[in-house]
Amino acid sequence: MDGSTGVAPGCDGDRLRPDALPAPVFQRAVLSLIGEVEGAEARSLGPFQIQLDHDGACWRLRLDELFKRYRHGEIEVADAAEEIKAAARLPGARLVAAGPLPRLARAASLDPSTLRLPCPFDPELSVFFVWELPHAHIPLTALDLRREYDGDLERLQEEAFDRLADKTTQIPAESQGEDARRALGYVSGDGFDAARSLLPELLLAMAEWVPGRLHFIIPTRDLLLVLGDEDPAYPAEGAAHARALFEAAGEERLSPKLYVLTGQGPRIVQATEP
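First things first, this report covers the structure right here in the doc. Numbering of residues starts from 1 in each chain and follows the order in which that chain's sequence is written. At least 70 in pLDDT is required for a residue's local features to be given in this predicted model, at least 80 for side-chain atom pairs to be given and counted, and no such filter applies to totals for whole chains, interfaces and linings, which use all residues. Hydrogens and waters are ignored; side-chain quantities use all the structure's heavy atoms.

**Concerning a negative patch on the surface**
This is how it is decided: Residues with no salt bridge and a relative accessible area higher than 30% make up the patches, which join like charges within 9 Å and nonpolar side chains (Val, Leu, Ile, Met, Phe, Trp, Tyr) within 5 Å. The protein chains shown are the only cover counted for residues, whose accessible areas, like all others here, come from Shrake-Rupley with a 1.4 Å probe. One speaks of a salt bridge when a side-chain nitrogen belonging to Lys or Arg is within 4 Å of a carboxyl oxygen belonging to Asp or Glu. His residues and chain termini do not enter the charge count, which takes Lys and Arg as positive and Asp and Glu as negative. Charge positions are represented by NZ for Lys, CZ for Arg, CG for Asp and CD for Glu. Secondary structure is summarised from DSSP: a helix means a run of H or I of at least four residues, a strand means a run of E of at least two, and numbering begins at the N terminus for each.
On the surface, Asp-150, Asp-152, Glu-154, Glu-158, Asp-162 and Asp-166 cluster together into a negatively charged patch. Topologically, Asp-166 is positioned in helix H5 (residues 153–169).

**Side note on the packing of aromatic side chains**
Stated formally: Paired rings are identified among Phe, Tyr and Trp, the last through its six-membered ring, by centres lying within 6.5 Å, and are further divided according to the angle between planes into stacked (under 30 degrees), edge-to-face (over 60) and tilted (the rest). Only protein chains enter the accessibility calculation, which uses a 1.4 Å probe; a residue whose area is less than 20% of its type maximum is buried, one above 50% is exposed, and one in between is partly exposed. To sit over a ring, a charge needs its Lys NZ or Arg CZ within 6 Å of the ring centre and within 35 degrees of the ring normal.
Following the criterion strictly, the structure yields 7 aromatic pairs and no others. Between Phe-48 and Phe-67, the ring centres sit 5.4 Å apart and the planes meet at 45°, which makes this aromatic pair tilted. You can see Phe-48 sitting in the loop between strand S1 (41–46) and strand S2 (49–54) and its partner Phe-67 sitting in helix H2 (residues 64–71), a full 19 residues away along the chain. When its relative accessible area of 22% is taken as the criterion, Phe-48 is described as partly exposed. Aromatic pair Phe-216 and Tyr-259: ring centres 5.1 Å apart, planes at 20°, arrangement stacked. Residue Phe-216 is found in strand S10 (residues 215–217), and its partner Tyr-259 is found in strand S12 (residues 258–262); the two are separated by 43 residues along the sequence. The class for Tyr-259 is buried, based on a relative accessible area of 0%. Within the aromatic cluster, the residues linked to one another by ring pairs are Phe-26, Phe-48, Phe-67 and Tyr-70. Over the aromatic face of Trp-131 sits the side chain of Arg-89, whose NZ or CZ is 3.7 Å from the ring centroid. Looking at Arg-253, its charged tip hangs above the ring of Phe-246, at a distance of 4.4 Å from the centre.

**Notes on the environment of Leu-143**
As a reminder, the rule being used: Any two residues having at least one pair of non-hydrogen atoms within 4.5 Å are treated as being in contact.
In this fold, Leu-143 is placed in helix H4 (residues 142–149). Under the relative-accessibility criterion, Leu-143 is labelled buried at 18%. Taking C-alpha positions, Leu-143 is 36 Å from Ala-242, a pair spaced 99 residues apart along the chain. Apart from the residues within four sequence positions on either side, Leu-143 is in contact with Ala-57 and Cys-58.

Listed below in C-alpha cells is the structure:
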C-alpha cells in the first residue's frame, strides 16, 4: 500500500518567508483590506476567525489555511483578502470563485453554519459544498443556498456533482500493483479525492479495473484508494492501511473504515473506532 495521503503543492515546512507578519498582524491587515469595500464590515472573532457582513449577509470564515500559505510565500496579504472577497461575492472582487463542489468531512468537524447532507454510505460523515478559490475552499451555508439557488437544494447538488465529475475527468487515477493485488487511487491533493467516492459512475468504471468486488478506503480528504477482493487477504490489508493513515492524519482525517461497492451502492464492510 502507498502511504501517500496527498500534500498540497508548494507547502514545504522547512521553507518559511523570513519577513512574515505575525498571525494577529496578518489577520488585522486582511480585515482592513476587506473593510475598504463599501458596505462591508469585517471583524475578528478570535485567532484565525473573522466575521464578514455585507448587504444583509453574514459569513464566518477561518484564515488558518490562508495564513499558512502566506507564511510559505505562496500568497500575499492582498491575495488572501481578495479570496475572501470572492467567496463572499463582494463587489469589485478580482477573483471569481469556482463551484460549487462537494466534499466529505467528519460530521462533528464542520462548523454549525455549514450546509451539509448525510453521507449516503457512512453516518459519521457529511457531504458539504464549497466555493473553490486558488488557495482555499469556502463552505456554503444555508444563506448561500437561498441567495444563489433560491433554496433549491436539489439543483445545488446536481450542479455540484456534475462539476466534480467534470473536474475528475481531467485527473488520471494512479495505479499500483498487478493482477489480484492491483489498486487504483486518486491522490491529487486538490481537496476532492475522497469526495470522488460519491460519484457512482466513477466507482463502477474503476470496478472494471480491479479483480473481484471493488472495495475502497478514504482515510483522509486527499485519498481515494480502490482494490478488489480476488485475493481475500487484500481487503484486510486495505483496512489496516486505512486505520494507519487515519490515525496519522490531522484535520483532513475522514474514516478508518473499509467500504465495498454493492448493487445498492457503497456499504461499510468493517467499522473501527478512531
